[in-house]
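Overview (structure and organization)
The residues making up each chain are set out below.
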Amino acid sequence: MGKTLAEKILSAKSGVDAQAGDVVIAPMDLVFAHDVGGPLTIQQFRQSGLDRLAHPESTPFFLDHCVPAPRRELANDQKLVRAFASENGCPLYQVGDGICHQLVVEQWAKPGDVIVGGDSHTCTMGGLGAFATGMGSTDIAIAMGLGKNWLRVPESFLIRISGRFPAGVGAKDLILHVIGLLTAEGATYKALEFGGESLKTMTMSQRLTVANMAVEAGAKTGLFPSDEVTRSYLERLGRGKCFQPLGPDPDAVYERVVEIDAEKLVPVVARPHAVDQVVPVSEVEGTRIDQVFIGSCTNGRLEDLAEAAGILAGKSINPRTRLIVAPASRSVYLEAMAQGYLKTFMNAGAAIVNPGCAVCAGVHQGVLAEDEVCLSTSNRNFKGRMGNPDSRVYLASPATAAASAIRGTITSPPRFAAG
Amino acid sequence: MLKGRAIKLGNDISTDLIAPGRYMHLRNNLPELAKHALEDADPDFVAKVKAGDFIVAGKNFGLGSSREHAPLIIKMSGIGAVIAESVGRIFFRNAINIGLPVIIAATQGIDDGNELEIDLASGTLDNLSSGAKLNFAQLPPVMLQILEEGGLIPYIRKFGDLQFQAKR
Ligand code: SF4
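Residues numbered from 1 in each chain as written. Chains lettered and ligands numbered in written order. Predicted model: local features only at pLDDT ≥ 70, side-chain atom pairs only at ≥ 80, totals over all residues. Heavy atoms only, no water.

1. Let's talk about the domain arrangement of chain A
Residues and elements named next belong to chain A. Domain parsing of chain A yields domain 1 (8–261) and domain 2 (271–411). When each unit is reduced to the centre of its C-alpha atoms, the spacing between domain 1 and domain 2 is 24 Å. With both sides pooled, the region where domain 1 packs onto domain 2 buries about 2,700 Å², and carbon together with sulfur makes up 55% of that total. For the pair domain 1 and domain 2, the interface holds 2 salt bridges. Across the pair R380 and E216 runs a salt bridge whose closest N-O atoms are separated by 3.1 Å. Applying the counting criterion to the domain 1 and domain 2 interface returns 21 residue pairs in polar contact (both at pLDDT 80 or more). Sorting the residues of the side of domain 1 that touches domain 2 by element identifies α4 (100–107), α6 (171–182) and α7 (204–212) as the ones contributing at least two each. (Domains from an automatic or database assignment. Buried area = accessible area lost by both parts, 1.4 Å probe. Salt bridge = Lys/Arg side-chain N within 4 Å of Asp/Glu carboxyl O. Polar contact = N/O pair within 3.5 Å; in protein donor to acceptor, adjacent residues only side chain to side chain. Helix = DSSP H or I, 4+ residues; strand = E, 2+ residues; numbered from the N terminus.)

Below is the structure:
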């Protein structure tokens, strides 16, 4: 019987002929944690009786969520993570380096890898054809110590995409649309595998945006095949040697197949307080917004900033609205600077903050006041997500975010606007 | 055998509602963080929970982030088990890993304050208040073994490795 991508990767790594529903023990190519989950991971590791990390050189720690530290408790957490990384010979990513998932994509993940991270959006690396999933601190601690962990091989849904994306409609609109269809628990325990003719034209940046949000439908991971787009992406990063082609078997068995006609997609938002409350932008157009956030592991990459900068060029944001931009990594920041995007944002009236999670983590760099509304390119709009349970968050694409910042109200991206 | 009262919560209780991001600075100070458990879903939760009580929730309990602090502070509040129609994947694993039982069952018929008796071994839930009886599915064998040891850390302390074989 043919295998899905998830079954293929987990079979290859675990050394057993794995099918959906099996439990396998898989060696990990990479195990990582960050400043928020890290301290508990370290504590659990120390209590586990395991005396050392299996592979410290591939157990990186990232300081990305609450950086630079906004208060002493968080500064102490970061100090603890730094000390542990240095004692154990783990790579450490410092304040300003960027968001863990983006850095793993840029520097570590390879097609066919099995990766676990102490963060739910670890599924991002599925854009590169890696089986990557988020776990809690204890699971990560054990994976660090043993170099492996158990995984249930998920059943897969195939999301088959055909047709061309209309101008102004992007990967974020696609994945929000899919989550709206599946609902926030519709793919719990499953793998979302993406396929179809449109993949050929989907850039790596778009694939990462889509894979990143698989978890918002409950999925364990989101997976793209590894193809020519993957090859050229890795080559551009100087990691061409990591490439291997990878796809599902033609007779792979899927629990469900969802057909998406990209041509019919429109710009959408997820309304507060659930990621699956997805409606066309046109339905909420005119809603007042106090803050716009462009960034996060979903939409903080160069292409996202380029798209937003293209819309904001020569314009100013509405004075009632603030715009916060956080490039996803140091290299994205540098490239956005070189391309002039940061200048465009500054001239438009934005505040640019350091690479990292910024307001998405709900701790600093843009916490909302009572009754305020934020339109964000991030991935979650749960009540309280941006640090205040009495505020509201809409999720949208970078294009919708930029257009909305100019108006100060939720606005369709220009090429899509009527007339 | 577990016995306690039902504390009813609704659908889609995210980890952001259980352990809000605005208390991020308390993540390494669990006793303080636990004072805010579920504050944004039910402000009286911590005050009213008694040792052994059950959270009885609707669908997709614990969706969202991988923060293990969420099941930890639920356990610290005294909750003996989480009963829900469905649970978020990472929360499920985290709860078992720290020794907090999770039961997937139809919870619509259970009212706030009902006295419940649960037998994990046989998979039965007796609602002593209404007289209704429910059966629920056993945990997958891997998770059951971890829970029986009190969580993944005690499990690893005992065996030094993952013992189970790949199986269907
Ligand atoms: S950007 Fe947001 S969603 Fe992504 S890792 Fe950071 S806090 Fe999590």
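Next comes the rest of the write-up.
2. Examining the sheet that holds strand β6 (residues 124–127) of chain B
Residues and elements named next belong to chain B. Sheet architecture is open: 7 strands sit in the order β4-β3-β2-β1-β5-β6-β7, paired in mixed fashion. Strand pairing shows two members of the sheet lacking a second neighbour, β4 (102–104) and β7 (133–135), which therefore form its edges. Taken pair by pair, the neighbouring strands of this sheet meet at an average axis angle of 25°, ignoring direction. As paired elements, strand β3 (residues 81–84) and β4 share 3 bridges and run parallel to each other. Following the sheet pairing, V82 is matched in β4 by V102. (Pairing = 2+ DSSP bridges. Axes fitted to C-alpha atoms, helices over the stretch in contact; angles between N-to-C directions.)

3. Points about the site of the ligand
Residue and element names in this part refer to chain A. What surrounds the ligand is the set H65, I99, H101, D119, H121, S296, C297, C357, C360, N379 and R385. A molecule is said to occupy a pocket when more than half its atoms come within 2 Å of that pocket's grid points, and by this definition the ligand occupies the largest cavity. Split into classes, the residues belonging to the shell around the ligand amount to 4 nonpolar, 5 polar and 2 charged. Residue assignment places the shell around the ligand across two domains, with domain 1 (8–261) and domain 2 (271–411) each supplying three or more. (Near = heavy atom within 4 Å. 1 Å grid on protein atoms, 1.4 Å probe; cavity = no way out; pocket = protein on both sides within 12 Å on 5 of 7 lines; lining within 4 Å. Sits in = over half its atoms within 2 Å of the grid points. Nonpolar A, V, L, I, M, F, W, Y, C, P; charged D, E, K, R; others polar.)

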